[in-house]
Amino acid sequence: MLYEIDDEVLINYAKAITKPQLLSDEQIYELIKRVLDKEKELINKIKSYEKVLIYGAGRVGRWLCDYIVKRGYNGDIMFMSSFIEPNYTACGKKVRSILSCVKYKDDALVLIANKNSADQMEENAHKHLFKNVEKIPYEELMLFGADLKEDSYITIY
C-alpha cells in the first residue's frame, strides 16, 4: 500500500514541517543491501581480532556484544567507558576505563556503539592512540542481525 503526503495539508499546517523523503522500493532494497554487505565485512573484521573493546556499555553496546557472540565471535570481549573509574558491568563483564585499556591500543579492535556520542567517542579513542577503531552508525546497527532479533528488539516507526 502506497501513501501520498498531501502538500496542501503541509502548507496549511501551523507548525513548520518538512516533507520527509520517501524512498522507492528499489532505493530501500539498495540501502538494505549496502548495510548487509557492510555487516558481513564488519563481522569478518571482528573475527580477525583476538580482543574486541566495545566502547559504550549502554543499551547499544550490550546489544552489540550479544550480536557479535551470536555471529560466532569466540575472542575476548571487553567493555570500555570514558569514565575514570566505572563501577558497573555490562553483559556480566566489568566495564573498564579507557585509560586502563590503552595497553590494548595496538592489538584490539575498538567498536564504538553509541546513539548520541559516537563522534566524540571516536575522537577520544584516537586521542588515546587506539589504532583499530570502527564507529558503527546507530541507524545501520539497527539493521544488523535482523535474523537474530527477538520481537522486543524490533521497532517499527
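Residues numbered from 1 in each chain as written. Predicted model: local features only at pLDDT ≥ 70, side-chain atom pairs only at ≥ 80, totals over all residues. Heavy atoms only, no water.

(A) Spotlight on the layout of surface pockets. In this structure, the second largest pocket encloses a volume near 210 Å³. Taken together, 16 residues make up the lining of the second largest pocket; nearest its centre are Gly56, Ala57, Gly58, Asn114 and Met121. Of all the secondary-structure elements, those providing two or more residues to the lining of the second largest pocket are helix 3 (59–70) and strand 2 (76–81). In terms of residue count, the dominant contributor to the lining of the second largest pocket is helix 3 (three residues). Of the residues contributing to the lining of the second largest pocket, the split by class is eight nonpolar, six polar and two charged. (1 Å grid on protein atoms, 1.4 Å probe; cavity = no way out; pocket = protein on both sides within 12 Å on 5 of 7 lines; lining within 4 Å. Points joined across faces, edges and corners; volume = space filled by probe spheres on them. Helix = DSSP H or I, 4+ residues; strand = E, 2+ residues; numbered from the N terminus. Nonpolar A, V, L, I, M, F, W, Y, C, P; charged D, E, K, R; others polar.)

(B) Representation of the side chain of Ser81 in the model. Here Ser81 is to be found in strand 2. Among the residues examined, Ser81 registers a relative accessible area of 6% and is labelled buried. Here Ser81 is in contact with Tyr55, Pro86, Tyr88, Val95, Arg96, Ser97 and Ile98, once residues within four sequence places are set aside. (Buried < 20%, exposed > 50% of the residue type's maximum accessible area, 1.4 Å probe, protein only. Contact = heavy atoms within 4.5 Å.)

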